[in-house]
Structures are given as structure tokens and as C-alpha cells.
Amino acid sequence: MSAEGSTTTTTARSAVEALPPKSREYGAIGTTSDEPRWGMAVDTERCIGCWSCAVICKSENDIPLGMWWNRILTEGEGLDQPTVDNGGDMTMGWVPLACQHCDDPPCEKVCPTGATYVGEGKLVMVDQDNCIGCRYCMAACPYGVRVFNWGDAEYAPPAGTGVVPPRPTGSVEKCTMCIHRLAEGVVPSCVWSCPAEARIFGDLDDPNSDIVAKIKARGGKQLLEDKGTHPKVFYLEPRRRRPL
Amino acid sequence: MVERRKVLIGAAVVGGAAAVGAGTGAAEADASHDTLPVDKVVRTTCSPNCTGSCGQLAFVRDGRVVKIQQAADYPDKAYNPRGCMKGLSYLQQIHGDDRIMTPLIRTGTRGSGEFREATWDEALDRVAAELKRIGTTYGYDSIHVFGQVPGSGYLHKGANYRAAALLGMTHGTSFDFNGDLPMGMPITFGVQNAEHEAKDWANTRFALVVGANPLETRIPDAKFLLDAADAGAQIVVVDPTFSSTAAKADTWLRIEPGTDAAFALGVVNHVLASGLGDLDFVRTYSDAALLVRTDTGRRLREADLRSGGDPNRYVVWDAAAGAAAVIGTDRLGMPAGVSAALDGTYQIRTADGAVVACEPGWAAVSREVAKWTPEHAAEVCGASAEMIRRVAVAYATAEPAMIMMGGGTNHWFHGDMAGRAFALLATVTGNIGRSGGGFSVYVGQYKVRLDPSQWYNAAGKKAKIVPSVYFAYGPTPTMHPDVPYPKAGYKALFCTFANMFVQSADVNRLMRTVDGLDLVVVLDHQMTDTVKHADVVLPVASWYEKTDLTATPLHPFLQLQQAAIEPVGESRTELDIWRELVRRIAPEQASYMDVSEDDAVRLLLAASNVAGGPTEGITLEQLKEGPVRLRVPDPDIPFGDQIRNLTPFPPKQFPAPIEKLREFVPTGRIEFYKDDARFISAGETVPTYLTPHDDSVSDPARYPLRFLTPHSKWRIHSTYANNPWMREIHGDRAQVFMNPADADARGIRDDHAVEVFNERGSFVAWAVVDEAHKEGSVTVFEGWWPGQFARGRGVNELTSSEVNPIHEVHFVANMWSPSTGWKDCRCEVRRVS
């Protein structure tokens, strides 16, 4: 450790390796099986619609201006505007939306080059160098979570951000579940950075995992279940209100 | 692609990495793990004016911050991770287009935004020469140093105070100027403010949230309310607006803006009428039993009873003895055997032989509360009488129950009355000083967590503090005589890290003051409209480029800011800048500024590093390792000592001497009856509801709508208004939120350009028609930059700078001083082409 104390590390290496020990401990995945099936649960009661997960995603992955791998939908009309029922009662809630990492991904089926594939941890990945930019996958994805690099990407600041190399122009990109972080044993950045602790990451095949327990206890739902995509992202329903 | 990968790190080379798991795409796996290396990761803190100072990690590559992410290393794990989307995006301002890279000297007319680049030597020589000329001609006190939120950077903001002390400049204020000083607190409890630490919210069984929107404005703390709900607590939100917080509540009550005190009094009325009040608690801890003379409205003192009696000892009616009993101010409770009456009128013979009718102060309080039946409160505030009754019963029977009050309730000319009314509710139910309970006002950054005197003061001198409201708008006829307002008036402004010319109330009035100044110097790192109005601009290092010390009101941790990168461009720290200026202006004082950042931190820690002090045993070296919990109780809740040990109010608060705070509540008790002459003449002796002040200044017929300017989720005041990611999310145009009824009546639809105006000013922005906002009100979230409006300087063209004379009864800067009533404002809206 340097003279600046153990909270500052100064050797060039991966962002995860460079984490101070206490921070790394916070985001540690812990022991995993040899063949995990990574998934995520989003507690919509705890989601406060703050976009911290979306912003850290953008920063971590050097996503150009105008593109989001992860965004927060407000149920109803505009951003942070309530739904008004016929009686005038208002409700407001949020649905964070990124790649659902389907077990039966329609995007993979239509990819003519095999650039989209199911990779480690059963995650849906894109090999950017093999992507020819045909965007069949974008048409096939019922969740609208893939984005396309049309032209010269713009970044703010221009030098870019984060720790993931930028994707080439003319390719399709999307959430990787921060597979580069998983490789080093820490949770995806959106999970780390959710100030409301609304995101639970874990192995859906591990019956003892927190994520499996929460999905069971809270009746976790998948988006567009009728499409037969079998997403690995689950949404936990809001709690019942106890009005006066 | 091969070239690109040269700089990457494949996961395969990382020793000890966890397996990601085998998959079908094994051949491509290496590429999917590619990352770019970082040179270092620095543990530091965020630091805008949000009261958060969240612990962050700065990831640095090639001398630039490439990622900011929560450190999540608080020793109390409940707080992890602290940080919001704004803090995570701050690298866009550090390295953004609006960053000021060099000193600038004005070339056009003031406000034209025309500058030329200058060397530091030229800029410093010029500022020093001007300050010296003004100082020797008019007195250095005619220079106003303005900065924001010292707690978000004790070291460099402290350098402002230290320099002001050395040169004799007057330093301004922010907590009161920002309207965040909840005047109900010093009036009632003798404290500047005093709130429960955020994690204690999770311990409540009932949360009454009034005029506060933590889900949007305290994002890192919001989860503690969710935790409380998860554990079965009921959440009730009282707000004119259907906010994000209201959306998570069990019950949302829509009230008329500015009527929170009426709501509170209706609730108190029903608590007492239902026999749910804890009158023993009231008798023990408050001034309820102290007798008040009905002839003068003053409290009865021992000195009234006999010559030579102590004017600082008070009198109760001992019902057991059927006689008056004198009580001291050294201990709460009642002397043994005294059964103090809370009602009745008693004929007391005074030292001069007269017989005076006296009654316990509680009698006057009760009389006022009795007027506020739920029905009457409902008429004023707009919530139903039935819901007021339900709130009363649920709040009074929950154990414990908390009140969270925010800026929506506080930011009114009579915000002190709302505070006094809710303090009364918390006290009559015995919720003061208990975990999960309390009356907490969460707005603004104020709390000085340690005794900073060794750093703030120098050469045996201390900066004179003048509330910035008097700088901005001139002294009032009722200004307290202790305010050290300069004899020659103000000639110069030295504005540091503040967007004062956009973010101050009644900004057109302020600009008339600014126009009359000889010199305007602005230190900042972003090209704000305040910077554009400077004569000399000095570029200053952001909080990722310097060492500092932070502490926040809601989180009892001391944290070190550590420089992640070198100052961007030619920017320098405040300490560096003042070192250079003092050396030029007063070389004999220069040595006092010749202190390293580390030594300044040591000086800050020193004075409170005493037995029982908040920094006892805390060292710079410990802080370099991460956040350290201050030596305060856990959970950190106010008034525990008063409630458990009957210690008189107020508790010690830095930096004011305790003797000054004792003047606020001379009885040493929670005071619901105020007997200072100005309270008596204003008819404000007891908590009551007063109609919004602007109703008597503006013409409600011409300006029928209330103009509300709450804090935005997407900004910290005006910080982040220019942040590209925030602008992608919520847009780049100021929005005027209107209820459909008000919009229809004016032919206004979504996206129409509308002018919002009153007698003080106007601006043009774009309408959003939204049921979430109450009929009869218009909401524009404050903090947009002028360029984000179609016309005008922004919301503060309309807001009011009126000073409430009650806020001038005493004077301790930021503790009992004028608090701005941002939301006490009327307007009209019309469509423009």
C-alpha cells in the first residue's frame, strides 16, 4: 500500500483489482458454482426511479451520448409523471429496463453471423467484432434494449469514460451484465450503485441464493412472459399499501 | 481491433479471479472480459450542496477521472452505498466544456461575459490591489466574502473564513440565506437545527413526512424510509404535489401550499381532544407550566415576586401547595413535591404590591390549539377533517413516530410557525429524544460537526459574519444591532463556489446591489452566469482535485477528500489563492496562510480532540483509511441528554458559544410561549397559523397562482444543470408544471411557451400539464441555468427577499437570523408565442 493509505491504490491494473479492500468486500459475489446461471431481481418497491444504475452503466461501459443500455421507464406517460385513474387517484412507479438475458433469446436466433451468443454464466453476449450491423436482433428483441452505433460516437467528456473499451461503429451493443466484473468476482455496476438497494444479483440455479429466495417470497415476475423468452431478470412487485 | 486490445486487460491475467462459469461461447470469452486499466483508485467524497458528501471512489487513467462510483465502505454498513446518479456523473463537469481553465479578466461591460485570459500573477495582482484599495479607503469590512455550505469542505471553505479574519473582511452566510435555517428550531429548542441521523428513519413505526421529498432530494438516504415501510411502519406524506415520495406512501394528503401549520395544529387539536397527549412530558421538558403575566404577556420572574429576586428564575403554580413556586433553569422537570398546574388563572402579588393575574403558558397554547378543530384546519389546509383525525390517532398511538419536515414547509416567510407547530405535535406525544421518533427538519447543510476555530480563526482574530441577506438587499430597519454591517456599506464581493446571481431570491434586486459594487471577484470551476458577471474570474479546483474534510448533518461521519487528479487547467485551490492574495495585501499576515492541506486538517481536528469531544482520538491518518464515525451517540439523535438527564436546553452546537444559544430559550426548556417584546407585538407568542406573507405584498387578484420552486431530482440547486447525462434524461429546457385546470383556464397545453411573472420579474419556459401539481399553484424546479429558459434569469426573478422581523429578535449568524421564504410567492402565467 502507498503512503496515501490503503484507500488509495496506485498500480495500473484492472478497476476491480484496484479497489480498496473494504469496497471490494462490499461488492463481492462470494463463492459460486462452476456453472452459474446469472440473473437479477429488481425490487420495484425499492426502486426510486433515480437512474443511478443507468448512469453508472453509461460510465462503466463508455456508452456514447444518446444511447442507454439501461434506462428507467416511468409507468404511465412522461418521465416521473403519475398515472391518473378515472377517480383522480394517482400512482407512480418505475421499471428499470436493460437486456433481460433471456434463456431463449430471440436475438440470438436471428443473428446471421453468430455474433450474438449465449456465453459464460448463460448470459447473452455480443461479439462486437463479428457484428455486421444488420440489426435483425434489434427487431427481434421484444424489450427494445439493444442500441446501434450509427456513426461517429460522441462522448462527454470526449475522451470517454469507464473501464470497458468502446464498441466499433456499425455494431449493436447492449448490457453485458458487466461480465468483465463478474470475471473478477464483483457484482455488476448497476447492482453496486443502486442507492436504494433495489437490485439483487445472483445464481438462479442456486436454490440457496438470496435472489432465488426473494423471487419466491415476492412472486417475482418476468416481462412479457407470453413471448416465451424466459428472461433471467425478475421484477418484484410493490408492497401492499396500508392507507389510514 | 488487435491494436485496441493491446491496451486491454483480459480477465485471464487477473490472478485469483472468480470463475465466470463455463458457457457455449468460450472462444469469445476473453474479449468479453476486456477492460481498460486504471492508474489508481482514490477514496474521496462528493461535495456539492446536497448535505450528502457521499464517499466515492475516483478511478483515474492518464490523469483524468474516468469513473466515479460509491466507495460503499462506511463502517456502519447500513449506509452503504451512499451516492446518487448526479455524483456518479460528476466527471462530466470535471472534464466538461464549461470548465474554467485560466484566470479571466473582464473586457466588456459587466455581465457581458466578455473576458480575456490572464496569468495568475496578473489576476492576483489586480484582485489584491483592488481589495487593498477598497480596504484602506472604506474598511475591509466593506468586502463581502460569500461561500456555500462549509460542512462540505471545512478546509478550503475554512480558508475563506481564515482570510476574512486576517484581513478584516466580513464573511457572509448560506444556511439562512438559503432559507434552510428552520427558525422554528431556535425559537422552540434553542438550537440551529437538530435532526436524527438518516439510518434512524428505519426505526420508526409511523413517518409523517411534510413538505419533504427524500426520494428525489435525498436519494442516498431514501432507502431508510423504504426499510421502515418494509418493517411495517406507516408512511404518510403531506404535500401539495404528488411527489415520488408520495408515490411510495401509504397515504398522501394534498394540502394547500403554505398551510402546513394549520394542518399541524388540527392534528394537535385532535390528539389533545382524544386524550392522547402526554402532558407529563410537556410539563417536564417544556415551558408549559411557567406562569405568564396576563397584563404584559411577559413571563413571571422571581424578580417580579420580590425585590432582589433573580430575573432568570421563573415561577409555576404549585397546585398541591396552592401557591407560587420558583424554579431554576439548571434542571428540567419540577422540584420534588411541586405539582405544577398547566391551566387556570392565579392572582399573584408582585414585589410592588400589585396583584397580577397569571396563567401557565400552556393555557395560552391550549387556547390557540382549541381554535384549530379538525374542521377549521381542514377549511384552511384543504385536507379533510376526517383524515386530520386519522393522522392524529395513528401518529399519537404509534411507538415511536417521527416527523420529517422539508423545504416545502420551511421555505415560507412564516416557516418558523410551521416548525413550531410540528415541534408542538412531537412534544405533546413524547416523541422528542427517542430513536425512531423526533421532529427533524431536513433541508440544507449547516451542522458544524467540530470546533473549527484553530483553522477558521488566526492571529487571535475571527471573521465578522454578516448575513448575506443584508449584503444582497441592504440592512432592514429591524436588523439586530449586533450584526456587524459595514459602516461604509459594501463595495466588493468575493464569491466562492456559488451561483449567487442566479440562485438568490429576488435576483433582480440583488443585481441592483451588485451593479453598485466596485469589484466582483468570482471563484468557480464552471462557467455559470454568476461567473459571467464577474470582473475577475479565478478558476478553482473541484473536489476531486484537492484535499478537504467533510461532515454532514444526517450522517455522523468525518471523511477526507483526497485529490484524485491534479487541478484541471490552471485551476488552484482556495487555500492557494488566499495564500497568494494575503501575501500581496498584508505580507505581515502571510505566514498564517502558509499551511499545508494536511496541517489544516490537523488544525480542524485539534480543538474538538478532547475527552468527550466529537473528534476525540481521530487522526488524519485514520481518515486516510476511510470514513470515521464521530464520537457521538449511536444512533445520533438530538436531545437524548435533555430527555434522559433533565439537562436544560439547548445542547452545545458549534461554532456559537452556548451562552448565545441560551438567550434563544432563556427558560432552558422547550419553549412554546415566547415572551420577547417582538413576539408579543407581532401576536406570535404561541404556535399558530399565519397566512402566506406574499398575500399581503402581492395582489392576489393579479397574481392568483402560488409559485413553488422545489429542489430538483436532477440537480443540486444549479449544479449539474449543465451535466450531459442528466440533460439526456430529463431534458434541457426549463419546465413549468401546471395543473390541467389552471392550464385549461389559460389555453395552455404541453410544450407551450409560457411567461411566468409577478411584480418582481418574469421568465419564459415551457409548460407541462400534470395532475401531480396542485390546482392554484405553478411549479418550476429551481436550479435551471438562465440559458435553459426561453427568456429571463430564471425562477428567482419572482421569488421574494422579505425579511421576517421575528428572525431578527436575536442574532447569531445561521442560527437565529433571517431565513429566506422562497416559496412564499405569487405569480400569473400566460401563453406567449
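Residues numbered from 1 in each chain as written. Chains lettered and ligands numbered in written order. Predicted model: local features only at pLDDT ≥ 70, side-chain atom pairs only at ≥ 80, totals over all residues. Heavy atoms only, no water.

1. Observations regarding the overall build of chain B
Along chain B, the regular secondary structure elements total 32 helices and 30 strands. For chain B, with 833 residues in total, the buried portion stands at 68%. Pairs at least 24 residues apart make up 74% of the contacts formed inside chain B by residues separated by at least 6 positions. When the accessible surface of chain B is totalled, it reaches about 25500 Å², and 49% of it is carbon and sulfur. (Helix = DSSP H or I, 4+ residues; strand = E, 2+ residues; numbered from the N terminus. Buried < 20%, exposed > 50% of the residue type's maximum accessible area, 1.4 Å probe, protein only. Contact = heavy atoms within 4.5 Å. Areas by Shrake-Rupley, 256 points an atom, 1.4 Å probe, with all protein chains shown as cover.)

2. What to know about the overall build of chain A
Along its length, chain A carries 7 helices and 12 strands. The C-alpha atoms of chain A give 19 Å as radius of gyration, which agrees with the globular expectation for 244 residues (18 Å, within 12%). Counting only C-alpha atoms, chain A reaches 60 × 45 × 40 Å along its principal axes. Expressed as a percentage of its 244 residues, the buried residues of chain A come to 59%. Summarising the internal contacts of chain A: among those between residues at least 6 apart in sequence, 64% fall at separations of at least 24. When the accessible surface of chain A is totalled, it reaches about 9700 Å², and 51% of it is carbon and sulfur. Across chain A, 25 positive and 32 negative side-chain charges occur, with their mean positions spaced 4 Å apart. (Rg over C-alpha atoms; globule rule 2.2 N^0.38 Å. Lys, Arg positive; Asp, Glu negative; His and termini not counted. Charge placed at Lys NZ, Arg CZ, Asp CG, Glu CD.)

3. Section: the packing of helix α5 (residues 120-138) of chain B against helix α23 (residues 574-585) of chain B
All names here are of chain B. It is at 9 Å that the axes of α5 and α23 come closest, and there the two elements cross at 55 degrees. Relative to α23, the element α5 lies oblique. When you trace α5 past α23, the crossing you get is right-handed. Along the contact surface, α5 presents Trp120, Asp121, Leu124, Asp125, Val127, Ala128, Leu131 and Lys132, while α23 presents Ile577, Glu580, Leu581, Arg584 and Ile585. A class-by-class count of the residues in the contact of α5 with α23 yields 8 nonpolar, no polar and 5 charged. (Axes fitted to C-alpha atoms, helices over the stretch in contact; angles between N-to-C directions. Parallel < 35°, antiparallel > 145°, perpendicular 65-115°, else oblique. Left-handed = near helix turned anticlockwise from the far one by under 90°. Nonpolar A, V, L, I, M, F, W, Y, C, P; charged D, E, K, R; others polar.)

4. Some thoughts on the pairing of strand β27 (residues 753-757) of chain B
Residues and elements named next belong to chain B. Across the 5 residues that make up β27, a large majority, 5, are buried. Here β27 shows two buried faces, one formed by Ala753, Glu755 and Phe757 and the other by Val754 and Val756. Between β27 and strand β28 (residues 762-769), which pair antiparallel in sequence order, lie 4 residues. Pairing between β27 and strand β30 (residues 826-831): 4 bridges, direction antiparallel. Counted as the bridge partner of Phe757 is Glu828 from β30. (Pairing = 2+ DSSP bridges.)

5. Some details on the sheet that holds strand β7 (residues 170-171) of chain B
Residue and element names in this part refer to chain B. The 8 strands lie next to each other as β5-β4-β21-β20-β19-β6-β7-β18, forming an open sheet whose pairing is mixed. One side of each edge strand has no neighbouring strand; the edge strands of this open sheet are β5 (115-117) and β18 (464-465). Alignment of strand β20 (residues 519-524) against strand β21 (residues 536-539), held across 4 bridges, turns out to be parallel. For Val522, the partnering residue across the bridge sits in β21 and is Val537.

6. Things to note about the nonpolar core
Residue and element names in this part refer to chain B. The biggest cluster of nonpolar side chains holds 165 residues, and the ones touching the most others in it are Phe494 and Leu549. Residue contributions to this core peak at 9 residues, all from helix α6 (residues 154-167). Setting aside its immediate chain neighbours within four residues, Phe494 contacts Val127, Leu131, His144, Val145, Phe146, Val521, Leu523, Leu538, Trp578 and Leu581. Ranked by size, the runner-up nonpolar core spans 78 residues in total, among them Trp362, Trp372, Cys381 and Met387. (Core = buried A, V, L, I, M, F, W, Y, C linked by side-chain atoms within 4.5 Å.)

7. Thoughts on helix α25 (residues 597-606) of chain B
All names here are of chain B. All of the buried residues along α25 are Ala600, Val601, Leu604 and Leu605. Down the axis of α25, the buried side of the element spans an arc of 140 degrees, and every buried residue falls inside it. Among the structural elements, α6, α19 (453-456), β22 (548-551), β23 (557-561) and α26 (620-625) are those in contact with the buried residues of α25. (Arc of directions from axis to C-beta.)

8. Thoughts on the packing of aromatic side chains
Pairs of aromatic rings are described using the distance from one ring centre to the other and the angle between the two planes. Applying the stated criterion across every chain, the model contains 34 aromatic pairs over all chains. A centroid spacing of 5.1 Å and a plane angle of 70 degrees characterise the contact between Tyr74(B) and Phe557(B), whose relative ring orientation is edge-to-face. Placement of Tyr74(B) in the loop between β3 (64-70) and α3 (85-88) and of Phe557(B) in strand β23 is noted, with a sequence separation of 483 residues between them. No difference in accessibility class separates Tyr74(B) from Phe557(B), as the two residues are buried. Ring centres of Tyr79(B) and Phe224(B) lie 5.4 Å apart, and the angle between their planes is 75 degrees; this geometry places the pair in the edge-to-face category. Here Phe224(B) lies in helix α9 (residues 222-230) and Tyr79(B) lies in the loop between β3 and α3, a separation of 145 residues in the sequence. Ring pairs connect the aromatic residues Tyr90(B), Phe497(B), Trp543(B), Tyr544(B) and Tyr720(B), which therefore count as one cluster. Note that Lys58(A) overlies the ring of Trp68(A), its terminal NZ or CZ placed 3.9 Å from the centroid. (Phe/Tyr/Trp six-rings, centres within 6.5 Å; stacked < 30°, edge-to-face > 60°. Lys NZ or Arg CZ within 6 Å of the ring centre and 35° of its normal.)

9. Here we look at the domain arrangement of chain B
For chain B, the assigned domains read domain 1 (2-94), domain 2 (104-171 + 448-542 + 567-595), domain 3 (184-279 + 367-441), domain 4 (286-362) and domain 5 (694-831). Between the C-alpha centres of domain 3 of chain B and domain 4 of chain B there is a distance of 32 Å. (Domains from an automatic or database assignment.)

10. Comments concerning the interface of chain A and chain B
A common way to report how large an interface is uses the accessible area buried once the components associate. Every contact between the two is made by 88 residues of chain A and, on the other side, 99 residues of chain B. Summing both partners gives a buried area of about 7600 Å² for chain A against chain B, and 56% of it is carried by carbon and sulfur. The largest share of the area that chain A buries against chain B comes from Glu120(A), Arg242(A) and Leu244(A), three residues that together contribute 11% of it. Here chain A is connected to chain B by 6 salt bridges. The shortest N-O distance in the salt bridge between Asp227(B) and Arg46(A) comes to 2.8 Å. At 6 residues, helix α2 (residues 52-60) of chain A tops the list of elements feeding residues into the side of chain A that touches chain B. (Buried area = accessible area lost by both parts, 1.4 Å probe. Salt bridge = Lys/Arg side-chain N within 4 Å of Asp/Glu carboxyl O.)

11. So, the pairing of β3(B)
Residue and element names in this part refer to chain B. A large share of β3 lies buried, amounting to 6 of its 7 residues. In terms of strand pairing, strand β2 (residues 55-61) meets β3 through 6 bridges, oriented antiparallel. If you follow Phe59 over to β3, its bridge partner there is Lys67. Connecting the antiparallel pair β2 and β3 is a turn made up of 2 residues, with Asp62 showing a positive phi of about 50 degrees.

12. Remarks on the sheet that holds strand β25 (residues 705-708) of chain B
All names here are of chain B. Strand order in the closed barrel made by the 6 strands is β25-β29-β26-β28-β27-β30, with mixed pairing throughout. For this sheet, the mean angle separating the axes of adjacent strands, direction not counted, is 45 degrees. The pairing of β25 with strand β29 (residues 777-779) spans 3 bridges and is classified as parallel. Among the inter-strand pairings, Phe707 is bridged to a residue of β29, identified as Val778.

13. Examining the packing of helix α11 (residues 260-273) of chain B against helix α18 (residues 415-428) of chain B
For any two helices packed against each other, one specifies the inter-axial angle together with the distance between the axes. Residues and elements named next belong to chain B. Running from N to C, α11 and α18 point in directions that differ by 20 degrees, and their axes come no closer than 8 Å. Between α11 and α18, the angle falls in the class roughly parallel. Of the two possible hands of crossing, α11 and α18 adopt the one that is left-handed. Seen from α11, the contacting residues are Asp260, Ala261, Phe263, Ala264, Leu265, Val267, Val268, Val271 and Leu272; seen from α18, they are Met417, Ala418, Ala421, Phe422, Leu424, Leu425 and Val428.

14. Examining helix α22 (residues 507-515) of chain B
Residue and element names in this part refer to chain B. Residues of α22 that are buried include every one of Val507, Leu510, Met511 and Val514, and no others. Down the axis of α22, the buried side of the element spans an arc of 100 degrees, and every buried residue falls inside it. Looking at α22, the residues exposed on the side facing more than 90 degrees away from the buried face are Arg512 and Asp515. Tucked inside the fold, the buried residues of α22 contact α20 (468-473), α21 (500-503) and β20.

15. Describing the environment of Thr74(A)
Residues and elements named next belong to chain A. On the secondary structure map, Thr74 appears in strand β3 (residues 71-74). A sequence separation of 15 residues divides Thr74 from Ser59, and the C-alpha atoms of the two residues are 22 Å apart. Other than its neighbours up to four places away in sequence, Thr74 contacts Leu79, Asp80, Gln81, Met92, Gly93 and Trp94.

16. Examining the side chain of Arg61(B)
Topologically, Arg61(B) is positioned in strand β2. Buried and unpaired, Arg61(B) has Asp62(B) as its nearest opposite-charge partner, separated by 4.9 Å. For Arg61(B), the side chain forms a polar contact with the main-chain oxygen of Gly162(A), separated by 2.8 Å. A polar contact of 3.0 Å, which involves the side chain of Arg61(B), links it to the backbone oxygen of Pro37(B). Leave out the neighbours within four places in its chain, and Arg61(B) touches Gly162(A), Val163(A), Leu36(B), Pro37(B), Val38(B), Asp39(B) and Val66(B). (Polar contact = N/O pair within 3.5 Å; in protein donor to acceptor, adjacent residues only side chain to side chain.)

17. Topic: unusual backbone geometry
Trans peptide bonds make up most of the peptide bonds, and negative phi angles are found at most residues other than glycine. Cis rather than trans, the peptide bond between Asp634(B) and Pro635(B) has omega equal to 0 degrees. For Pro635(B), the location among the structural elements is in the loop between β24 (628-629) and α27 (640-645). Positioned with a positive phi, Met177(A) is a non-glycine residue whose angle comes to about 55 degrees. Note that Met177(A) resides in the loop between β10 (172-173) and α5 (179-182). Given the relative accessible area of 4%, Met177(A) is considered buried.

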